[in-house]
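The chain contents come next:
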Amino acid sequence: MAIVVPIQRWAAAVNALCLHPWSKPLLFALMLLPLCVLVGAAVFDQLGANPAQALVRSTGDWTLRALCLVLALTPLRVGLQLPALARWRRMLGLFVFFYASLHLLCYSWLDMGFELGDIARDIPKRPFILVGFAAFVLLCALALTSPHRVVRMMGGKHWRRLHQLVYAVAGLALLHFFWMRAGKNDVAEVWVYTAILGYLLGWRLVRAAKYMRKRSLTL
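Bear in mind that the values here come from a model prediction, so they are computed numbers and not experimental data. (Residues numbered from 1 in each chain as written. Predicted model: local features only at pLDDT ≥ 70, side-chain atom pairs only at ≥ 80, totals over all residues. Heavy atoms only, no water.)

1. Section: the environment of Val-192
Thought 1: Structurally, Val-192 is set in helix H10 (residues 188–218).
Thought 2: Along the backbone, Val-192 and His-158 are 34 residues apart, and their C-alpha atoms lie at a distance of 33 Å. (Helix = DSSP H or I, 4+ residues; strand = E, 2+ residues; numbered from the N terminus.)

Next comes the structure, spelled out in structure tokens:
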């Protein structure tokens, strides 16, 4: 009991901070910080011997990191009893789309020179680009249906079903990352993201299984 009370007080304090009016602007600024660092590195020629590759890789890495943050919100919210974390989900989800758009832009511009014909031929030719593009298409659907008025138009049930595509996005993004790094025999970081995403998705499967079991017992 002596341990539970401080944890409850800590959770209440953190929850209050999450509800503070400045919490969202602060989160917005923090999520823009990686882009500011990349822009600064590009301006001051700090991107290494291959700046184009550095920008493509970095924007892809931050897309995957933002995706991990989005998927971590629900386990943190439930496990730590922080319901206010739910108000950050939409912003973080849009930042996943934002960094994925930058990743695609860097590829289209720096690798392909905005040659649409070459891009169209390159996408189906290279599997890792194909699955990455498929993940981006799904992200477009999620971003376009994120406004509150769209949620009301679709209805909560249909909206939630559509936004379960985020799990497919996670799988495709991880496959894209693996194939890209496997070609260079550099997969150590891939296993880190596999473990993180595996845990976050596995947590949801276990929770869904418990819910279905509890529901079947009450019928």
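2. With respect to the layout of surface pockets
Thought 1: Each pocket or cavity is described by its volume, and for the largest pocket that value is around 1,200 Å³.
Thought 2: Together, 34 residues line the largest pocket, and Arg-89, Trp-159, Arg-160, His-163 and Tyr-167 are the ones closest to its centre.
Thought 3: Elements with a contribution of two residues or more to the lining of the largest pocket: helix H3 (51–79), helix H4 (89–111), helix H6 (127–144), helix H7 (148–154), helix H8 (156–162), helix H9 (165–182) and H10.
Thought 4: By residue number, the principal contributor to the lining of the largest pocket is H10, which donates seven residues.
Thought 5: Of the residues contributing to the lining of the largest pocket, the split by class is 18 nonpolar, seven polar and nine charged.
Thought 6: Roughly 640 Å³ of internal volume is contained in the second largest pocket.
Thought 7: The wall of the second largest pocket is formed by 28 residues, among which Val-56, Gly-60, His-103, Phe-128 and His-176 lie closest to the centre.
Thought 8: When contributions to the lining of the second largest pocket are tallied by element, the ones reaching two or more residues are H3, H4, H6 and H9.
Thought 9: Taken together, the residues that form the lining of the second largest pocket break down as 17 nonpolar, six polar and five charged. (1 Å grid on protein atoms, 1.4 Å probe; cavity = no way out; pocket = protein on both sides within 12 Å on 5 of 7 lines; lining within 4 Å. Points joined across faces, edges and corners; volume = space filled by probe spheres on them. Nonpolar A, V, L, I, M, F, W, Y, C, P; charged D, E, K, R; others polar.)

3. Points about unusual backbone geometry
As a rule of thumb, non-glycine residues mostly have phi less than zero, and peptide bonds are mostly trans rather than cis.
Thought 1: Positive phi, normally seen in glycine, also occurs at Asp-45, with a value near 55°.
Thought 2: Backbone geometry places Phe-114, a non-glycine residue, at a positive phi of 60°.
Thought 3: Mapped onto the fold, Phe-114 is located in the loop between H4 and helix H5 (116–125).
Thought 4: Look at Phe-114 and you get partly exposed, because its relative accessible area is 46%. (Buried < 20%, exposed > 50% of the residue type's maximum accessible area, 1.4 Å probe, protein only.)

4. Structural notes on the environment of Leu-162
Thought 1: Tracing the chain through its elements places Leu-162 in helix H8.
Thought 2: Of the residues examined, Leu-162 reaches a relative accessible area of 24% and is grouped as partly exposed.
Thought 3: Here the alpha-carbon distance between Leu-162 and Ala-141, two residues 21 residues apart in the chain, equals 8.4 Å.
Thought 4: Residues contacting Leu-162, with those up to four places away along its chain left out, are Ala-141, Leu-142, Thr-145 and Met-154. (Contact = heavy atoms within 4.5 Å.)

Geometric values such as these leave the question of function open.
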